[in-house]
Amino acid sequence: MSPALFQTALYASLALCSLGLVWRVSAWFRVRIGPDARTVALSQRVAALLRGGALALFSRRVFQLAGAVFLDLLLQRRLFANEKLRWLGHLLILTGFTLLLLMHALAAIVTAKLFQGYQPTLDPYLFLRNLSGAMVITGVGLLLFGRWRRQTGLPQARRPMDMAFVALLGFVLVSGFLLEAHKIASPRAFYRMSDQFIGSTDAGRLTPLRAVWASEFGVAFDDLKLPIDPRLLEQGRELHRSACASCHTKPVSAFVSYPMARVLAPVTDLLDTGRADAWLLYLHVFACFLGLAVLPFTLMFHLVAVPISLLVNAAAPNRDFSLAGRASRRALALDACVRCGICDLHCSVAPLARYLGNLGLLPAHKLQATAALAGGRLLGCEDVALRAADGAFLCTDCGRCTAHCPVGLDLEDLWEAGRGDLAAAGLPSPAQWVQAHPALAWAESLERGPAEHVDSGPDDLLAPLSADRRSFSRCVQCQTCTNVCPVVAHSMDSNHGIDLTPQKVMNLLRLGLRDLTLGSRMVWDCATCYQCQENCPAGVRVADIMCELRALGVRRLGAVRSLRESS
Amino acid sequence: MKYALFLGCKIPSALPAYEASSRAVLAHFGVTLVDLEFNCCGYPARNFNRYAFAAAAARNLALAERAGLDILTPCMCCFGTLRHAIRFLGEDAELRSRVSEALAAEGYAWSGKTEVEHLLTVLARKIGVDSLAAAVRSPRTGLRVAAQYGCHALRPGNVTRFDNPMAPTMFETLIRAAGATPVDWPRRLDCCGDPLHQANTPLSGRMTRAKIADALESGAEVICTACPHCHLRFDAVQAGSSDASIRTLLYTQLLGLAMGLPADFLGL
Ligand code: SF4
Ligand code: SF4
Ligand code: SF4
Ligand code: SF4
């Protein structure tokens, strides 16, 4: 590969990477999540960062920061507490990748400077390179295995680029090993070197040396007959010591590529003719450059975002942050999430996600929806947006996602902000969107709506009591329920009057006018205190019916909701 | 005595003192608490989808059943929700078969064995008021306490089987066991307003404030709670207001103090 091409490609990908990094990092100050975040200007957010950073660095917090770097970042304490297997995988990748980067990719400016007489083909470098590569591959395998083993039947959150990047990483490693294996086995490489260091490519003259390299260095000469004469080997070793030994140790220590070289031996000739060394090198190097160039837009951006997020966590708990600081933290959280799905495993409402068939409840998916909403991508798809909203408002704020997140993200703050954004975008909680219109208007929409919208399934499983006359026909309209209802009592003396009373709701059911109750204030303001049900002389399950009417309202009014909004 | 401890969603995140004080008190009476990773009791889904609500609740019951344990919960809403689910599943065969199917998909099953107890029912009925009183070292003599019953534990009585829903006495008896004096307040059985907090904040606030005013007028010094939702609602409404305020105390804190347990064990 020509140095000019290499350099151009290197600088081009470095430039792209830097631009990408600037763009992605600037998002931490640009992206606004939560209605409160919209009140802070970009400059305030940058100022908050500078102020907070300076405060943290020049206080006793600095020791806490150092501790966080060690325990949370390097040792990944939080991941260890969650899943030992994935922790091991992560540690292997981190160590292997760092070693490869410093010792191999940056060999010329790191290893060669630190260790005199560095040669990539000498031990321990040869061995260490194989070890590091094997560590990364094993680590990736463990992570994928961990994901697979924890499958709960619910798809895990991921972005398209995530898997593409893992594939690219795998490609870099495999092409690297193949290249090394091919170079070990290649007679062509042997002759190139002998020409350079012995000044000869004459097969006959080099036979003793070739014998040594065939039997001890794995070169696949197809014209050497086995077994090799020991005297020939003795002769060859002489030459080897004087010309090659200072740069080459036996490649058996390359415990991955040496066995690969043996496997490739039968086709080495073919590969030599096809100049495999050249194109494998191109593939390997350009795959690395491609990875570098797109890095800010892949999962690997977490290499930047996670350390910063952990440091910010160590600096102060979220509640001590100013609004400007919190706004930036939310944007940072979107990038620091590694989509590990550990939060999904522990989410209190994960079973509801399964029963409702709505992934929008799961925190890792919710985080992506939050990002999509902030990026203006969510509302484009009405169905997805509605489900995301359903999911967001069923969260119980139990905090388990936050407690388990290995990156230590304050997810509850993000959820609250996200719900605010959803509400502002016209997707508030059911109680809010239903009550935005009077009950009568909803009933009219139901009448106008196409039948298939309105009757989207049997009611009896969702609302068996309100579907069965026997459960309310006993009502004698005595008003006891209304008289004991605290919502009625507390609504009387204000302007927030209710439209119906519990007794009237029961009456509408008796008259077969259930649709008129679905959007009713009374139904949606019911506190489920069960006073009505406990006191009803006829044994009508008033409060249970109220719950049913809300569930039914969510579904039936939901079906005509978009018709309403657009009309 | 051994129970699976069902903390629900609110206590670990917003009221850890309730967990700490419950553990401290129950440990004293030899109750072993087992921690299982339960899911949401199902309450939020009640207004959304009856099947999902019942399945979520049943999954918790199945988890406890697999561990061979009954459930003890300090939360009145979780208590009521789980009891409701048991009722719905019992009376609706179709619901039950769909829920069983959903549970089976995850390898769970619920045969109906799991009992659900509230912290107060365990203290009053399983441990017994006499044992509680016997453990009291420094009775809270003279402290006038208003018992906050909590709708979801109390009603409907035929579902929750907590106490007489019209004229309950359990909470007052428990307060007496701690040496304190229960006060009679007209609004003691009223809703605290919490379920409406999201849907209608002003209405919810009026309900909470009416109760606080009533407790004060009735001469109470403390409102005693046994549900994180009631407790936090009283605190939240009082935090944002300049009106006369009243102290809130969890029953486990009241009893724990009377038993002479160190305050920091009780989250105080
Ligand atoms: S806070 Fe919400 S998203 Fe997080 S675990 Fe709890 S229910 Fe799930
Ligand atoms: S929020 Fe945390 S736990 Fe959830 S997927 Fe992202 S990194 Fe993992
Ligand atoms: S208390 Fe019962 S019988 Fe009387 S009006 Fe209400 S539902 Fe009807
Ligand atoms: S359950 Fe609802 S309708 Fe019945 S009394 Fe309570 S608030 Fe009123």
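Quick caveat: nothing in here was measured; it's all calculated off a predicted structure. (Residues numbered from 1 in each chain as written. Chains lettered and ligands numbered in written order. Predicted model: local features only at pLDDT ≥ 70, side-chain atom pairs only at ≥ 80, totals over all residues. Heavy atoms only, no water.)

1. Points about the overall build of chain B
Along its length, chain B carries 13 helices and eight strands. Across its three principal axes, chain B shows a C-alpha extent of roughly 55 × 45 × 30 Å. Expressed as a percentage of its 268 residues, the buried residues of chain B come to 61%. In chain B, the share of contacts with a sequence separation of at least 24, taken over all contacts with a separation of at least 6, comes to 77%. Total accessible area on chain B is roughly 9500 Å²; 50% of this is exposed by carbon and sulfur atoms. Across chain B, the centroid of the 27 positively charged side chains sits 1 Å from that of the 24 negatively charged ones. (Helix = DSSP H or I, 4+ residues; strand = E, 2+ residues; numbered from the N terminus. Buried < 20%, exposed > 50% of the residue type's maximum accessible area, 1.4 Å probe, protein only. Contact = heavy atoms within 4.5 Å. Areas by Shrake-Rupley, 256 points an atom, 1.4 Å probe, with all protein chains shown as cover. Lys, Arg positive; Asp, Glu negative; His and termini not counted. Charge placed at Lys NZ, Arg CZ, Asp CG, Glu CD.)

2. Points about the site of ligand 4
Residues and elements named next belong to chain A. Surrounding ligand 4, one finds 14 residues, the nearest of these being Cys-485, Cys-526, Cys-529, Tyr-530 and Cys-532. Every element with two or more residues in the shell around ligand 4 is listed here: α28 (486–492), α31 (531–535) and α32 (542–566). For the shell around ligand 4, a count of residues per class yields twelve nonpolar, two polar and no charged. (Near = heavy atom within 4 Å. Nonpolar A, V, L, I, M, F, W, Y, C, P; charged D, E, K, R; others polar.)

3. Details of the pairing of strand β5 (residues 144–147) of chain B
Taken together, the two bridges between β5(B) and strand β6 (residues 181–182) of chain B define a ladder with parallel strand orientation. Directly across from B:Val145, in β6(B), lies its bridge partner B:Pro182. (Pairing = 2+ DSSP bridges.)

4. A closer look at the pattern of salt bridges
Under the defined criterion, the tally for this structure stands at 34 salt bridges over all chains. For the salt bridge of B:Glu106 with A:Arg354, the shortest nitrogen-to-oxygen distance reads 3.6 Å. Taken together, the residues B:Glu106 in the loop between α6 (93–105) and β4 (116–118) and A:Arg354 in helix α18 (residues 350–356) connect one chain to another. Look at A:Arg354 and you get partly exposed, because its relative accessible area is 26%. (Salt bridge = Lys/Arg side-chain N within 4 Å of Asp/Glu carboxyl O.)

5. Focus: the site of ligand 2
A:Cys337, A:Val338, A:Arg339, A:Cys340, A:Gly341, A:Cys343, A:Ala364, A:Cys405, A:Pro406, A:Val407, A:Leu409 and A:Leu411 make up every residue found near ligand 2. Of the residues belonging to the shell around ligand 2, the class tally is ten nonpolar, one polar and one charged.

6. Section: the interface of chain A and chain B
Taken together, the contact pairs 49 residues of chain A with 51 residues of chain B. The contact between chain A and chain B buries some 4200 Å² in all, and 58% of this surface belongs to carbon and sulfur atoms. If you sort the residues of chain A by the area they bury against chain B, A:Tyr355, A:Leu461 and A:His490 come out on top, with a joint share of 20%. The tally of links from chain A across to chain B stands at four salt bridges. Notably, a salt bridge pairs B:Glu37 with A:Arg400, separated by 3.8 Å at the nearest N-O pair. Between the two partners, chain A and chain B, sit 14 residue pairs in polar contact (both at pLDDT 80 or more). Residues belonging to the side of chain A that touches chain B are distributed by class as follows: 23 nonpolar, 14 polar and twelve charged. (Buried area = accessible area lost by both parts, 1.4 Å probe. Polar contact = N/O pair within 3.5 Å; in protein donor to acceptor, adjacent residues only side chain to side chain.)

7. Some details on the domain arrangement of chain A
Here the domain parsing of chain A yields domain 1 (184–281), domain 2 (337–428) and domain 3 (447–566). A straight line from the C-alpha centre of domain 1 of chain A to that of domain 2 of chain A covers 59 Å. (Domains from an automatic or database assignment.)

8. Thoughts on the domain arrangement of chain B
Residue and element names in this part refer to chain B. Annotation of chain B at the domain level lists domain 1 (2–118) and domain 2 (137–266). Once you take the C-alpha centre of each, domain 1 and domain 2 turn out to be 23 Å apart. Listed per partner, the contact involves 24 residues of domain 1 and 27 residues of domain 2. For the pair domain 1 and domain 2, the summed buried area comes to about 2200 Å², and 75% of that belongs to carbon and sulfur atoms. Linking domain 1 to domain 2 there are zero salt bridges. Our enumeration of links across domain 1 and domain 2 arrives at four residue pairs in polar contact (both at pLDDT 80 or more). Looking at the side of domain 1 that touches domain 2, the elements that each hand over two or more residues are α1 (10–14), α2 (16–28) and α5 (76–91). With eight residues, the top contributor of residues to the side of domain 1 that touches domain 2 is α2. Classifying every residue of the side of domain 1 that touches domain 2 gives 15 nonpolar, six polar and three charged.

9. Quick look at the packing of aromatic side chains
Residues and elements named next belong to chain A. Under the defined criterion, the tally for this structure stands at 21 aromatic pairs over all chains. Ring plane angle 90° and centroid distance 5.0 Å describe the contact between Phe-190 and Phe-221, whose orientation is recorded as edge-to-face. Separated by 31 residues along the polypeptide, Phe-190 in helix α9 (residues 187–197) and Phe-221 in the loop between α10 (207–216) and α11 (230–243) bring together distant segments of the chain. What makes Phe-190 buried here is its relative accessible area of 7%. According to the relative accessible area criterion, Phe-221 is buried, its value standing at 10%. (Phe/Tyr/Trp six-rings, centres within 6.5 Å; stacked < 30°, edge-to-face > 60°.)

10. Examining the pairing of strand β1 (residues 2–5) of chain B
If a strand is regular, its side chains alternate between the two faces of the sheet. All names here are of chain B. With four bridges connecting them, β1 and strand β2 (residues 32–35) associate as parallel partners. Counterpart to Lys-2 in the pairing with β2 is Thr-32. When β1 meets strand β3 (residues 70–73), the two strands line up parallel, connected through three bridges. Looking at β3, one finds that Leu-5 is bridged to Leu-72.

11. Quick notes on the side chain of A:Ser309
All names here are of chain A. In this structure, Ser-309 sits in helix α15 (residues 302–315). A residue is classified by how much of its surface remains accessible, and Ser-309, at 5% relative accessible area, is buried. Discounting chain neighbours no more than four positions away, the residues touching Ser-309 are Leu-332, Ala-336, Val-407 and Leu-409.

12. A few points about the sheet that holds strand β7 (residues 222–225) of chain B
Strand-to-strand pairing in sheets goes through backbone hydrogen bonds, with the strands running parallel or antiparallel. Residues and elements named next belong to chain B. Strand order in this open sheet of four strands is β6-β5-β7-β8, and the pairing throughout is parallel. One side of each edge strand has no neighbouring strand; the edge strands of this open sheet are β6 and β8 (247–250). The strands that helix α12 (residues 228–239) touches are β7 and β8; relative to β8, the one it contacts most, it runs at about 160°. (Axes fitted to C-alpha atoms, helices over the stretch in contact; angles between N-to-C directions.)

13. Quick notes on the packing of helix α2 (residues 42–57) of chain A against helix α16 (residues 323–336) of chain A
All names here are of chain A. Relative orientation of the contacting elements α2 and α16 amounts to 90°, with a least axis distance of 8 Å. On the basis of their axis angle, the class for α2 and α16 is roughly perpendicular. Each of Gln-44, Arg-45 and Ala-48 in α2 lies in contact with α16, whose residues at this interface are Ala-324, Gly-325, Ala-327, Ser-328 and Ala-331. Residue composition of the contact of α2 with α16, grouped by class: four nonpolar, three polar and one charged. (Parallel < 35°, antiparallel > 145°, perpendicular 65-115°, else oblique.)

14. Looking at a nonpolar patch on the surface
Residues and elements named next belong to chain A. The grouping of Val-69, Phe-70, Leu-71, Leu-74, Leu-75 and Leu-311 at the surface amounts to a nonpolar patch, some 460 Å² of accessible area in total. The element contributing the most residues to the nonpolar patch is helix α3 (residues 61–74), with four residues. Structurally, Phe-70 can be placed in helix α3. With relative accessibility at 48%, the residue Phe-70 sits in the partly exposed group. (Patch = residues over 30% accessible without salt bridge, like charges linked within 9 Å, V, L, I, M, F, W, Y side chains within 5 Å.)

15. Digging into the side chain of A:Asp72
Among the secondary structure elements, A:Asp72 is positioned in helix α3. Setting aside chain neighbours within four positions, we find A:Asp72 in contact with A:Gly67, A:Arg77, A:Arg78 and A:Leu310.

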